[in-house]
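The chain contents come next:
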Amino acid sequence: MRVAGETVGARGTAVLAAAAIAGIVLAVHGWSARHNGETPGLGPAAAGPTAPASRSAASQGPPAHASPAGTGSDAPTPKPGPRLSAQSYASYSFRVWPGPVGSAAKAAGTGLAITVRRDASGIMVTAGVVGQPPQPARFYPTGTAVYVVEASMGDDSGNSDYNLGDDGLIVTDSQGRILQ
Amino acid sequence: MSRSTRTTAVPERGGLADRAATIAAGWAPTMARLLLGLTLAWFGYHELMTPRLWTGYVPGVSATSDFAIVLVLAHGWLLLVLAVAIVAGIGLRLAAAVAALLLVQIVLDLAVTGGLTDLTLRDVGVLGLAVCLIGETRQRAVLSS
């Protein structure tokens, strides 16, 4: 068979057909799970880092993954988990609150919109992706620090993060334990 | 798999450097093919598996719309099929040409939205790889018809 000057034989056609079918199967999976990746791991309401979570599969439990979206009032109170410093992704967790915020933390926060508001009883954290609606804020009564997890700075450029799959947000308490 | 019978013109001077040059001349196009295919497959796979992460880069469509997801899935599917075609050497020049067109669109979109950033220039390099393969006829390890 000739297609635009290229000859494609029976075996080639079969291989391409198999690839096309595999692609359709993956697309069906992607469509059915299309809401799973919304503002991935961002928003303290979904504070678990995504790629770091997968990287830490061999370490001690899932990191900082909080409950589904909810406001500070209706979401369950975050409980302290393992120490951030003991996690495999600690080396690429960058503190963005409180300041001062270093250049690496600024770079890690590229493409993300994070606001932290402190009141007498704790901190209220809102996070999202620049240009997209923010996630609902979440309240951390014992939260004292906010970190951005950025597994790879190579996908950040200018004011855009071209792959949010490796970003996440972590809130820790005064002892460095991840609130989840 | 079959091997191209076209002769690679390399001066016969002997020595390790010349031998390496001979090997490189013979296999470089194949390596280019495999690496470009790997790149396309990686992006295609991830666009198909987690389309929501990529909707922000669909021009002119709301990132939160289902239509954007459909476009990402279609893009990912095309990338995956192109990757297989390029890796296996099936309709290679046509597949490379289509990949080059896709990359031109990506580069232009990145340049318009973000300027000439490091990522934009990185994709320019990948585009160059695709363009080179459009005219490449010496290939080893291709799927025979």
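Parameters at a glance
- Residues numbered from 1 in each chain as written.
- Chains lettered and ligands numbered in written order.
- Predicted model: local features only at pLDDT ≥ 70, side-chain atom pairs only at ≥ 80, totals over all residues.
- Heavy atoms only, no water.
- Helix = DSSP H or I, 4+ residues; strand = E, 2+ residues; numbered from the N terminus.
- Buried < 20%, exposed > 50% of the residue type's maximum accessible area, 1.4 Å probe, protein only.
- Contact = heavy atoms within 4.5 Å.
- Areas by Shrake-Rupley, 256 points an atom, 1.4 Å probe, with all protein chains shown as cover.
- pLDDT = per-residue confidence, 0-100.
- Axes fitted to C-alpha atoms, helices over the stretch in contact; angles between N-to-C directions.
- Parallel < 35°, antiparallel > 145°, perpendicular 65-115°, else oblique.
- Left-handed = near helix turned anticlockwise from the far one by under 90°.
- Nonpolar A, V, L, I, M, F, W, Y, C, P; charged D, E, K, R; others polar.
- Pairing = 2+ DSSP bridges.
- Patch = residues over 30% accessible without salt bridge, like charges linked within 9 Å, V, L, I, M, F, W, Y side chains within 5 Å.
- Salt bridge = Lys/Arg side-chain N within 4 Å of Asp/Glu carboxyl O.

Draft legend 1. Main features of the overall build of chain A. Helices and strands together make up the secondary structure of chain A, namely three helices and 12 strands. A burial count over chain A gives 48% of its 180 residues as buried. Considering only contacts within chain A whose residues lie at least 6 apart along the sequence, 64% involve residues at least 24 apart. Just so you have it, chain A exposes about 8200 Å², and 60% of that area is on carbon and sulfur atoms.

Draft legend 2. Spotlight on the confidence of the model for chain A. All names here are of chain A. Across chain A, pLDDT averages 69, with 61% of residues at or above 70. Mean pLDDT across the elements of chain A bottoms out in helix α2 (residues 51-55) (31) and peaks in helix α1 (residues 10-32) (91). Every residue in residues 37-73 scores below 50 in pLDDT, and together they form 114 contacts with partners more than four places removed in sequence or on other chains.

Draft legend 3. Structural detail: the packing of helix α1 (residues 16-49) of chain B against helix α2 (residues 66-88) of chain B. Residue and element names in this part refer to chain B. Put simply, α1 and α2 touch, their axes get as near as 7 Å, and they point 155° apart. By the criterion of interaxial angle, the relationship of α1 to α2 is roughly antiparallel. In this structure, α1 meets α2 at a crossing whose hand is left-handed. In contact with Arg33, Leu34, Leu36, Gly37, Leu38, Leu40, Ala41, Phe43, Gly44, Glu47 and Leu48 of α1, α2 contributes Val72, Leu73, His75, Gly76, Trp77, Leu79, Leu80, Leu82, Ala83, Ile86, Val87 and Ala88. Of the residues that constitute the contact of α1 with α2, the class distribution is 17 nonpolar, four polar and two charged.

Draft legend 4. Representation of the sheet that holds strand β5 (residues 112-119) of chain A in the model. Residue and element names in this part refer to chain A. The three strands lie next to each other as β5-β6-β7, forming an open sheet whose pairing is antiparallel. The outermost strands of the open sheet, each flanked by one partner alone, are β5 and β7 (138-140). Adjacent strand axes in the sheet meet at a mean angle of 25°, parallel and antiparallel pairs treated alike. Pairing of strand β6 (residues 122-129) with β7 involves three bridges; the strand directions are antiparallel. By the bridge assignment, Val125 is partnered in β7 with Arg138.

Draft legend 5. Quick look at the pairing of strand β4 (residues 93-97) of chain A. All names here are of chain A. With respect to burial, β4 is a largely interior element, four of its five residues being buried. As judged from the four bridges shared by β4 and strand β8 (residues 145-150), these two strands associate in the antiparallel manner. Looking at β8, one finds that Phe94 is bridged to Val148.

Draft legend 6. Fine view of the environment of A:Tyr140. Mapped onto the elements, A:Tyr140 comes out in strand β7. Along the primary structure A:Tyr140 and A:Thr77 are separated by 63 residues, whereas in three dimensions their C-alpha atoms are 7.0 Å apart.

Draft legend 7. Structural detail: a nonpolar patch on the surface. Residues and elements named next belong to chain B. Together, Ile23, Trp27, Met31, Leu34, Leu35, Leu38 and Val87 make up an exposed nonpolar region whose accessible area comes to about 620 Å². With six residues, the top contributor of residues to the nonpolar patch is α1. Relative to the assigned elements, Ile23 resides in helix α1.

Draft legend 8. Region of interest: the packing of α1(A) against α2(B). With their axes 9 Å apart at the nearest point, α1(A) and α2(B) run at an angle of 155° to one another. It follows that α1(A) is roughly antiparallel to α2(B) by the angle criterion. When the axes of α1(A) and α2(B) are compared, the crossing they make is right-handed. Between α1(A), through A:Val15, A:Leu16, A:Ala19, A:Ala20, A:Gly23, A:Ile24, A:Leu26, A:Ala27, A:Gly30 and A:Trp31, and α2(B), the contact on the second element is made entirely by B:Asp66, B:Ile69, B:Val70, B:Leu73, B:Trp77, B:Leu80, B:Val81, B:Val84 and B:Ala85. Looking at side-chain class alone, the contact of α1(A) with α2(B) contains 16 nonpolar, two polar and one charged residues.

Draft legend 9. Just the environment of A:Leu84, in detail. Residue and element names in this part refer to chain A. Mapped onto the secondary structure, Leu84 falls in the loop between β3 (80-83) and β4. A C-alpha to C-alpha distance of 9.5 Å links Leu84 and Gln175, two positions 91 residues apart in sequence. Once you skip the residues sitting within four places of it in the chain, Leu84 turns out to touch Tyr89, Ala90, Ser93, Tyr147, Ile170, Thr172, Gly176 and Ile178.

Draft legend 10. View of the pairing of β6(A). Residue and element names in this part refer to chain A. When you tally the buried positions in β6, you get eight out of eight residues, the bulk of the element. Pairing between β5 and β6: eight bridges, direction antiparallel. Directly across from Ile114, in β6, lies its bridge partner Ala127. Between β5 and β6, which pair antiparallel in sequence order, lie two residues.

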